[in-house]
Amino acid sequence: MDSEDRIALFLDYENLALGARDHLGGMTFDFRPIADALAERGRVVVRRAYADWSYFDEDRRMLTRSHVELIEMPQRMGASRKNAADIKMAVDAMELAFERDYISTFVLCTGDSDFTPLVDKLRGLNKRVIGVGVEKSTSALLPPACDEFLYYDRLEGVDARSTRTRGGGRPARPADVEHRRADAKPAPEPAPEPTPEPEPEVGDVDELAVIVAQTVAGLQGSSGGEVTASTLKRTLLRKDPTFSESDYGFRAFGELLRHLADRNVIELADGRAKGDPEVALPEHGDQEAGFALLRAVVLEAGEGGAALSGLKNQVRRVRPDFSEKKLGYRTFLQFCKAAATGGAVQLRWNPEADDYLVTASS
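Conventions used here
- Sequence order as written defines residue numbering, which begins from 1 separately in each chain.
- Since the coordinates come from a predicted model, pLDDT governs what is reported: local features require at least 70, and pairs of side-chain atoms require 80 or more to be given and counted, while whole-chain, interface and lining totals use all residues.
- In computing side-chain values, all of the structure's heavy atoms are included and hydrogens and water are not.
- Here, nonpolar core means buried Ala, Val, Leu, Ile, Met, Phe, Trp, Tyr and Cys residues that are tied together by side-chain atoms lying within 4.5 Å of each other.
- For the exposure calls, accessible area comes from a 1.4 Å probe over protein chains only, and a residue counts as buried if that area is under 20% of its type's maximum, exposed if over 50%, partly exposed in between.
- The contact rule is simple, with two residues in contact once any of their heavy atoms fall within 4.5 Å.
- Pairing between two strands is assigned when DSSP locates at least 2 bridges connecting them.
- Starting at the N terminus, helices and strands are each numbered in turn, a helix being any DSSP run of H or I of at least four residues and a strand any DSSP run of E of at least two.
- Axis angles are defined between N-to-C directions and span 0 to 180 degrees, where every axis is a line fitted to C-alpha atoms and, for a helix, only to the segment in contact.
- Aromatic pairing here means that ring centres of Phe, Tyr or Trp (its six-membered ring) are within 6.5 Å. Orientation follows from the plane angle: under 30 degrees is stacked, over 60 is edge-to-face, and everything else is tilted.

A. Examining the nonpolar core more closely. Among the nonpolar cores identified, the biggest contains 31 residues, and L11, Y13, F29, F31, I34 and Y152 are the most heavily contacted of them. Ignoring any residue separated from it by four or fewer positions in sequence, one finds I34 in contact with L16, F29, C109, V132, Y152 and L155.

B. Up close: the sheet that holds strand 9 (residues 306-307). Read from one edge to the other, the open sheet built from 3 strands follows the order 9-11-10, with strand pairing classed as antiparallel. If you trace the sheet from one side to the other, it starts and ends with strand 9 and strand 10 (345-350), each paired once. As paired elements, strand 9 and strand 11 (residues 355-360) share 2 bridges and run antiparallel to each other. Note on strand 11: the bridge partner recorded for A306 is V358. Against the sheet, helix 13 (residues 332-341) makes contact with strand 10 and strand 11, and its axis sits at roughly 125° relative to strand 10, the strand it touches most.

C. Spotlight on the sheet that holds strand 1 (residues 6-12). Strand order in this open sheet of 6 strands is 3-2-1-4-5-6, and the pairing throughout is parallel. Each end of this open sheet is capped by a strand with a single partner; those strands are strand 3 (69-72) and strand 6 (148-151). Each adjacent strand pair in this sheet contributes to an overall mean axis angle of 20°, direction not counted. Examined bridge by bridge, strand 1 and strand 2 (residues 43-51) share 7 bridges and lie parallel to one another. Residue pairing for strand 2: L9 is matched across the bridge by R47.

D. Expanded view of the packing of aromatic side chains. Summed over all chains, the structure comprises 15 aromatic pairs. Centre to centre, the rings of F10 and F106 are 6.2 Å apart; their planes meet at 5°, and the pair counts as stacked. Taken together, the residues span a long stretch of sequence, with F10 in strand 1 and F106 in strand 4 (residues 105-109) at a distance of 96 residues. F106 matches F10 in its accessibility class, with the two residues each being buried.

E. Structural context of the pairing of strand 10. Inspection of the sheet shows strand 10 paired to strand 11 by 6 bridges, in the antiparallel sense. Each bridged residue has a counterpart across the sheet, and for W349 the counterpart in strand 11 is Y356. Linkage of strand 10 to strand 11, two consecutive antiparallel strands, is achieved through a turn of 4 residues, within which D354 is found at a positive phi near 55°.

F. Representation of unusual backbone geometry. The phi torsion at N126 lies on the positive side, around 65°, for a residue other than glycine. One can find N126 in the loop between helix 5 (116-124) and strand 5 (128-133). Located in the positive-phi region is D354, a residue other than glycine, with phi close to 55°. Residue position: D354 is located in the loop between strand 10 and strand 11.

In structure tokens form, the structure reads like this:
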């Protein structure tokens, strides 16, 4: 248990509930998907939600069953309920950061950019910060500030099409729906067949392969040592806190790595810790095919050859998934020099153009 992350969870409940209602087809906010996602990341020791609960009476029971402490922020005449809740939540988070050293991770469930200074302060105190918010109601400023950001609508167990609003008002509760079904009279005509739900969007795996290869190359160059899967995942999250392998159709990060290894983008080897393999770039990859591709593009450019600057873009027009890092080279220039050494092309410096000139070997 000592190695587990201790998590403090803070919910800006009005922001989440209204964001789900307004942007996810009128669905009812459900706390369970957030709880499940955090269970995979550590042990939640503090759970607090802030709102004027007179506006969310039915939600109180759902949160209470999940052992969430409800912080009442009543609306007062002439006062801003939103600002009061935001300030209280920020003060409580900072208080816990100083009083409870064992809390290593703070989870802020909100899409409000006003919490960005709080995120910066917590990270300055060596706390990991995870954000959670509805994608369409989350400020673009908040996710990059966090160590990791989870979009509520992408969490396992959230179905934005399953629950709709009642006459444009508050979301319908499951119990209300069942009660109305029992009292409703049979429809005179059969209901039309439901329209098939669209398939969820899946990210571009080829584009991800390039990002992973570039990241591995950068880590190998900066550290000079082994790169583990856990280190790679942390680095990808630092580059893009919203990164998730599930967006590309993979259930786990290890599954993604195995897929890329099968495509010869990376190589995997047993690491020091069980379940945390070492990740490296292939020593050679499909090198000859890469050299042949480069030669073909240079030949197409004509007898005068092609300048190095812009040549990589020309190669990618022919093969969009091309990356020299997949072939074990840190830079495109290094790849071209290897191709020249192998006799596929010729590479010489052109002082007039202040650039390298690449021509096809005779």
